[in-house]
Amino acid sequence: MTGTRTILHVDLDAFFVSCELLRRPELRGRPVVVAGGGESHPGEARSAGRSVVSAASYEARPSGVRSALPLARALRLCPQLVVLPVDIDHYARISKQVFAIFQQYTPLVEPGSLDEAYLDVSGSQLVAGDGPTIAAAIQTRLADELGLPASVGVASCKTVAKVASDLRKPRGLVVVPPGQEGDFLSELALERLPGAGPKTVARLRLLGVTTLGDLALLDDARLRAVLGPQGEQLRDRARGHDPAPVVPPGVPRSLSRERTFARDLTDLTEAQRMVRLLSFAVARRLRAGGLLAGAVSLKARFADFQTTTRQLTLPRPASADLELVAAAQELLRRVWQPGVRLLGVGAEQLVPHGQGQLFEGPAEKGARLDVALDRLRDRFGTGAIARGIGSLGAEEDWNRDHLRQLGPPPAGGGGAPSAL
Ligand SMILES: [Mg+2]
């Protein structure tokens, strides 16, 4: 699937309060908060102490009551406020049911908290309809099956989807068509951008930057002066560009393989051959884990023990041998100098390949072939088949931290490589 992704950000409205109202329907329509953080004693719900509002019903909000407000203050603003203690176990049980509904539309669900998640539905559209259709279906099911109101943003990236879901609460459905991300964001206040904290906002205001459109236009020099190196990423997101993938829990962030040499490599051809072998090994491990890499990294340690790591973002997530090799070779070309004692190739920004992402276009033919080759390697041993480049041999030198969650590596043996 090339091109535009479709990402939903689903955020339940006043979730803790909504959960309480399910078992206390008589409180519907009244100003209600769930508050915790202070000492609470049975029968003393009104002694605010040091409690803080965790969630406020929409009936309480016109009085200025909102989450993060000290409860004592909330009670002054709204004396008739109904205050309920936090019951996180109850909310967690309901949250499981919420996420079970999300999972029926895509396996690519990244939870933000008990009551919000990003869903990448790019591969779900043939089955479940386009982004807005899936968003509406999820809203309806949450309301009908669980009695919970939710707001959804639909966009081509996480940042814009999240801003969109927050714009028309409660029960909002905001769709930002591809290509309109920048326009959609431009009039909004800086504070709307996820990741723009109070300090960042204050600094930008000093420059007269008050909207996301202002931030989108800020030049490099001023951006760096005010926000440092991470400023560019913030500006990109203010323009509606955010390549961050939706990452379900349990997916390793990266995996890599490296090799220290008995004698330092001085010959570029030899280093290129090693980078190919390492890349093939990493690519194979990706495919065994059902993962795609968003970027490839190369680590090189030189004779003087200086270590360099470079990273290259792929045009689109990939697990095909040749795509990983091409990126790793390009990185080797950039860092190469004679006298290399260690080389490592890593797959970064991993995402599980969802439905529809693999084997669709002509670019996936390589991956299809690779998977077929992997099966043969599994049957006849690691070294049995390689694309005319030799084999790393049987020893395993994976970076184990990255692999723990993937389970054991595929079985493989040594043996003489045979060219294809
Ligand atoms: Mg929420």
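Provided above is the structure to which this section pertains.
Residues numbered from 1 in each chain as written. Predicted model: local features only at pLDDT ≥ 70, side-chain atom pairs only at ≥ 80, totals over all residues. Heavy atoms only, no water.

(A) Examining the overall build of the protein more closely. Within the protein, the secondary structure is distributed over 15 helices and 12 strands. Expressed as a percentage of its 420 residues, the buried residues of the protein come to 47%. For the protein, contacts bridging at least 24 residues in sequence account for 68% of all contacts bridging at least 6. Total accessible area on the protein stands at roughly 20200 Å², and carbon and sulfur atoms take up 53% of it. (Helix = DSSP H or I, 4+ residues; strand = E, 2+ residues; numbered from the N terminus. Buried < 20%, exposed > 50% of the residue type's maximum accessible area, 1.4 Å probe, protein only. Contact = heavy atoms within 4.5 Å. Areas by Shrake-Rupley, 256 points an atom, 1.4 Å probe, with all protein chains shown as cover.)

(B) Representation of the coordination of the magnesium ion within the structure. For the magnesium ion, the full set of protein donor atoms is Asp11 (OD), Leu12 (O) and Asp115 (OD), at a range of 2.1 to 2.3 Å. For aspartate 11, a relative accessible area of 9% translates into the label buried. (Donors = N, O, S within 2.8 Å, 3.2 Å for Na, K, Ca; no water.)

(C) Layout of the sheet that holds strand 4 (residues 82-85). With respect to topology, 3 strands assemble into an open sheet ordered 3-2-4, the strand pairing being mixed. The sheet terminates laterally at strand 3 (52-56) and strand 4, the two strands that pair on one side only. Each strand axis lies, on average, 40° off the axis of its neighbour in the sheet, ignoring direction. Of the strand pairs in this sheet, strand 2 (residues 32-36) and strand 4 are connected by 4 bridges, and their pairing is parallel. Across the sheet, the residue bridging to valine 34 is leucine 84, located in strand 4. The strands touched by helix 1 (residues 15-23) are strand 2, strand 3 and strand 4; relative to strand 2, the strand with the most contacts, the crossing angle is about 110°. (Pairing = 2+ DSSP bridges. Axes fitted to C-alpha atoms, helices over the stretch in contact; angles between N-to-C directions.)

(D) Quick peek at the environment of valine 226. Summarising the element assignment, valine 226 is placed in helix 10 (residues 220-227). In this structure valine 226 comes out as buried when scored by relative accessible area, which is 17%. C-alpha of valine 226 to C-alpha of threonine 200: the two residues are 26 residues apart in sequence and 8.4 Å apart in space. Ignoring any residue separated from it by four or fewer positions in sequence, one finds valine 226 in contact with Arg203, Leu204 and Leu207.

(E) Highlighting the nonpolar core. Formed by 35 residues in total, the largest nonpolar core has its most connected members in Leu8, Val10, Phe102, Leu119, Ile138 and Leu142. When contributions to this core are tallied by element, the ones reaching two or more residues are strand 1 (7-12), helix 1, strand 2, strand 4, helix 3 (88-103), strand 6 (116-120), helix 5 (131-146) and strand 7 (150-155). The greatest single-element share of this core, amounting to 6 residues, is contributed by helix 3. Counting residues domain by domain, this core receives three or more from each of domain 1 (7-11 + 93-176) and domain 2 (15-89). (Core = buried A, V, L, I, M, F, W, Y, C linked by side-chain atoms within 4.5 Å. Domains from an automatic or database assignment.)

(F) Fine view of the packing of helix 10 against helix 11 (residues 231-238). Their axes nearest at 9 Å, the elements helix 10 and helix 11 cross at an angle of 120°. On the basis of the axis angle, helix 10 is oblique to helix 11. When helix 10 is examined against helix 11, the residues Asp220, Leu223, Arg224 and Leu227 are found in contact with a partner set consisting of Gly231, Glu232, Leu234 and Arg235. The class makeup of the residues in the contact of helix 10 with helix 11 is 3 nonpolar, 1 polar and 4 charged. (Parallel < 35°, antiparallel > 145°, perpendicular 65-115°, else oblique. Nonpolar A, V, L, I, M, F, W, Y, C, P; charged D, E, K, R; others polar.)

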